[in-house]
Amino acid sequence: MDNKTPDALLDVRHLQISVTIHPTDGKSHDVVIVDDISFSLPKGRVLGLIGESGAGKSTIGLSALGYGRGGVHISGGEVILNGRDILNGGKSLLRNVRGLEVCYVSQSAAAGFNPAHRLIDQVIEASLRKGYSNSQARERAIGLFKTLSLPDPENIGSRYPHQVSGGQLQRVMTAMALCSEPDLIVFDEPTTALDVTTQIDVLAAIKHAIAQTGVAALYISHDLAVVAQVSDEIMVLRGGKMVEHADTRSIIETPQQEYTRALVSVRSIDHEEKSPDGGQPLLQVKDITARYPSTDVDVLRNVSIELLPGQTLAVVGESGSGKSTLARVLTGLLEPSAGSIKFDNRTLPSAMGQRSRDDLRELQMIYQMADVAMNPRHTVRTIIGRPLTFYFNLRGDEKRRRIDELLDEIEMGSGFADRYPAELSGGQKQRVCIARALAAKPKLIICDEVTSALDPLVADGILKLLLDLQSVEQVAYLFITHDLATVRAIADSIAVMHRGKVVRYGGKSEVLSPPFDDYTKLLLSSVPEMQLGWLDKAMTERSARQPG
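Quick caveat: nothing in here was measured; it's all calculated off a predicted structure.

Q: Outline the pairing of strand 17 (residues 444–448), listing residues and values.
A: For strand 17, a buried count of five out of five residues is recorded, marking the element as mostly surrounded by other parts of the structure. Covered by surrounding structure in strand 17 are Leu 444, Ile 446 and Asp 448 together with Ile 445 and Cys 447, the residues of both alternating faces. Summarising the sheet, strand 16 (residues 363–366) and strand 17 pair through four bridges and their orientation is parallel. Pairing of Met 365 across the sheet is with Ile 446, part of strand 17. For strand 17 and strand 18 (residues 476–481), the ladder comprises five bridges, and the chain directions are parallel. Along strand 18, the bridge assignment pairs Cys 447 with Phe 479. As for the winding sense of the linkage, the β-α-β connection from strand 17 through helix 18 (residues 456–473) to strand 18 is right-handed.

What follows is the structure, given as structure tokens:
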């Protein structure tokens, strides 16, 4: 589409951004990470920047503030804001632009606030710089708190950052960005770290605030379904280059490029539910109640579930619902105060230290953050090989052959065997963790949010891999997630958890079919869908369900 608009607020022309590499055995040199990006953004419009990690989305967004982080520098092109090239105006121009004409909303609101200062003092800081009186700035901040549907808007500003929830803090950060009446706001993954039910509230609040104030925005995300709800146009990025740029309807309904079409269809895995065969359950959890040491609050209450061999049970719920605590109980890391666990027709001891080697081998776990689940000083061969030696005493050529087989199973191949974790992508690291779990020949693998930290296309590949491995190995999965789209893609049965209790349980088709309890209905209605107008429709339906 045409990249130049006569009345553009922001006009980015042939932007090039580089990072300086300092190799230990060679001369320092620049590597281009964003190449020849051009677009124009008129006042009151929203441009979505979409792409996988490393695509250059945040780097491009920060260029609108004339900023490069972590050794990154703008090495070419122009960034024209309100008719001035901010790259050539010196530090004084940038000081006047940042916080006044352009504001930034980061992914982690918790890291964006000073924990020692009250919220209101931080929200109005830029407004005071712009010339507002203290009373004017506070009045505007309270008005924005109301616009963003924050509770007790007159008084919430007197709290400290740790005294509000994650979703509330994200909305306070949006108010802080809007308070100085900037012309442009850069939203950098503002809902990615939030639960799905909180995400929809924050997304709706941001969309409403943009419409109310008429501010222009760059909205950055790896989730196309989210970007489509707030953006007028979308630019698809990959490897620092533009793949496609068009209005939102064209991107969603008639994408021209293969990569864009893949992003649009990323949620389309169709896993046919396996029906119960009437056999003996592999896992039987009965009336488990648990609390953490030195506390007097039960975080699990009378939890009962079953899982058949070779099937997948999805445990779904918001943060704090007890999903990961259940995993800790199953693996013996947290002893329950009541209840029992039967595995493969035998009762498992509550504490991991009392379990046999076969107990440990047959129940494996894959963690959410692959980065911290592997020793960074060990090669892939060593990481996958450890359970082979520990459980089966494999050594030498026999061990190497089995490692190569496992690398083939996870679709990476033996060429990765001598790499270190730092030399792998996020998806590759998670595949290595899967191979390590499979090396033990388990009967059950607990998957704790294994795709939530991954880009949608990479996560899609991991889900397909897990399904393929299940059909070959007949391993069962207990899949912990807060994402209903993931549940639809992989589950045979579902347990919905809320505040430590299972509130809905059964086969996938049964749990995902009406009538619903209120909490399950809320979860289902909060999953972003790849269609225009989904957010407005979802919020209208939610309002209609509320009393009064």
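Q: Could you give an account of the nonpolar core, naming the residues involved and the relevant values?
A: Phe 113, Phe 145, Ile 185, Phe 187 and Tyr 219 are the most contacted members of the largest nonpolar core, which has 56 residues in total. When residues no more than four places from it in sequence are discounted, the contact partners of Ile 185 are Cys 103, Val 105, Ala 177, Leu 178, Val 215, Ala 216, Ala 217 and Leu 218. Core analysis: the next-biggest nonpolar cluster, separate from the first, contains 41 residues, Val 380, Ile 384, Val 432 and Ala 489 among them.

Q: If you had to explain the domain arrangement of the protein chain to someone new, which residues and values would you point to?
A: Assigned domains within the protein chain: domain 1 (44–67 + 83–265) and domain 2 (283–518). Inter-centroid distance (C-alpha atoms) of domain 1 to domain 2 is 35 Å. Between domain 1 and domain 2, the contact holds 10 residues from the first and seven residues from the second. For domain 1, the biggest contributors to the area lost against domain 2 are Asp 195, Val 196 and His 222; these three give 51% of the whole. In this assembly, domain 1 and domain 2 are joined by zero salt bridges. At the junction of domain 1 with domain 2, the criterion picks out one residue pair in polar contact (both at pLDDT 80 or more). Contributions of two or more residues to the side of domain 1 that touches domain 2 are made by helix 8 (196–213) and helix 11 (258–264). The leading source of residues in the side of domain 1 that touches domain 2 is helix 11, at three residues. Within the side of domain 1 that touches domain 2, the residues separate by chemical class into four nonpolar, three polar and three charged.

Thresholds applied
Residues numbered from 1 in each chain as written. Predicted model: local features only at pLDDT ≥ 70, side-chain atom pairs only at ≥ 80, totals over all residues. Heavy atoms only, no water. Buried < 20%, exposed > 50% of the residue type's maximum accessible area, 1.4 Å probe, protein only. Helix = DSSP H or I, 4+ residues; strand = E, 2+ residues; numbered from the N terminus. Pairing = 2+ DSSP bridges. Right-handed = clockwise from strand over helix to strand, strands pointing away. Core = buried A, V, L, I, M, F, W, Y, C linked by side-chain atoms within 4.5 Å. Contact = heavy atoms within 4.5 Å. Domains from an automatic or database assignment. Buried area = accessible area lost by both parts, 1.4 Å probe. Salt bridge = Lys/Arg side-chain N within 4 Å of Asp/Glu carboxyl O. Polar contact = N/O pair within 3.5 Å; in protein donor to acceptor, adjacent residues only side chain to side chain. Nonpolar A, V, L, I, M, F, W, Y, C, P; charged D, E, K, R; others polar.

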